[in-house]
Amino acid sequence: MGSANKSNTARKARIEEMRRAEQARERRNRLLTIAASVVVVAGLVVGGVVLVRSQDDKGSDVAASDSSGKGKFVTGEDGVRTWEGKLSRNHVTKAVKYASEPPVGGDHNPVWMNCNGDVYTEPLKNTNAVHSLEHGAVWVTYNADAKKADVDALAAKVKKTPYTLMSPMDDQKDPIMLSAWGHQRTVTGASDPNVDKFFEKFVQGEQTPEPGAACTNGLSK
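Worth saying up front: this structure is predicted, and the values here are computed from it rather than measured. (Residues numbered from 1 in each chain as written. Predicted model: local features only at pLDDT ≥ 70, side-chain atom pairs only at ≥ 80, totals over all residues. Heavy atoms only, no water.)

**Q** Can you help me understand the overall build of the chain in this one?
**A** Tallying secondary structure elements over the chain gives five helices and seven strands in all. If you list the helices and strands of the chain from N to C, you get α-α-β-β-β-α-β-α-β-β-β-α. A total of 221 residues make up the chain; the buried ones form 43% of that total. Sequence-distant contacts in the chain: of pairs separated by 6 or more residues, those separated by 24 or more amount to 70%. In the form shown here, the chain has an accessible surface area of approximately 12,300 Å², with 54% of it arising from carbon and sulfur atoms. (Helix = DSSP H or I, 4+ residues; strand = E, 2+ residues; numbered from the N terminus. Buried < 20%, exposed > 50% of the residue type's maximum accessible area, 1.4 Å probe, protein only. Contact = heavy atoms within 4.5 Å. Areas by Shrake-Rupley, 256 points an atom, 1.4 Å probe, with all protein chains shown as cover.)

**Q** Got a minute to help me understand helix α3 (residues 126-134) in this structure?
**A** It helps to recall that an α-helix has 3.6 residues per turn; residues three or four apart then point in one direction. Taken across its nine residues, α3 has nine buried, putting it largely inside the fold. Along α3, the residues classified as buried are N126, T127, N128, A129, V130, H131, S132, L133 and E134. Buried-residue contacts for α3 involve β4 (138-142), β5 (164-168) and β6 (176-180). One or two residues past the end of α3 sits G136, with phi positive at roughly 95°.

**Q** Can you help me understand the sheet that holds β6 in this one?
**A** As a general point, the strands of a sheet are linked pairwise by backbone hydrogen bonds and lie either parallel or antiparallel. Strand order in the open sheet made by the seven strands is β1-β2-β7-β6-β4-β5-β3, with mixed pairing throughout. With one partner strand each, in any of the chains shown, β1 (72-75) and β3 (116-119) form the two edges of the open sheet. The mean angle between the axes of side-by-side strands here comes to 20°, regardless of whether they run parallel or antiparallel. Here β3 pairs with β5 via three bridges, running parallel. (Pairing = 2+ DSSP bridges. Axes fitted to C-alpha atoms, helices over the stretch in contact; angles between N-to-C directions.)

**Q** I'm lost on helix α4 (residues 148-159) in this one. Help?
**A** Between the first and last C-alpha of α4 there are 16 Å, a value that for twelve residues agrees with the 16 Å anticipated at 1.5 Å per step. Buried within α4 we find D150, V151, L154, A155 and V158. The buried residues of α4 all sit within an arc of 135° when viewed along its axis, so they share a single face. Opposite the packed face of α4, turned more than 90 degrees from it, sit the exposed residues K148, A149 and K159. Close packing links the buried residues of α4 with β3, β4, β5, β6 and α5 (193-202). (Expected span 1.5 Å × (residues − 1). Arc of directions from axis to C-beta.)

Given below as structure tokens:
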């Protein structure tokens, strides 16, 4: 019990440290945005930039092709499926065809779903939820076969855990699934010990492409 408490305390301290780093990064980004805006305005006055910007904008609206289709899941002895293959991280504004349901990475919407212990009662857009995974969140999903008691218990756990989110997903093959960037597993229910193991390893885990990035100020459905 003592080692578990120490582990939870260390994880909370790590998350708080990452949040502080994210706040500092957001302040720097605001300053960079202001500076960049000045440069863009100056460029527009000179001329020639409008055409380049319009071409870039058109490119961002092209329907995405997710590179996760070039890999495959490999299941470890612990039951966790790990995606072997490159997961692209481009920001796109149209739908993405993912190689798995739920997806575990790939091109995604520029705006993330709030994942600060957020529980959603309606299905989410995969492109927004994948952005949350990029920030180090664990995504709990369930279909109609999941027991209500398990759904309620998992919702209570998510609400107490920063960098997590939960939502229904009708098309997934198993009643309850846990997903992180590049990793996924099925669990038998809320009392399955693999739930805690997955959270411990993958909430802001080593797989996170953008550790400490915000899980608030995104979409709240």
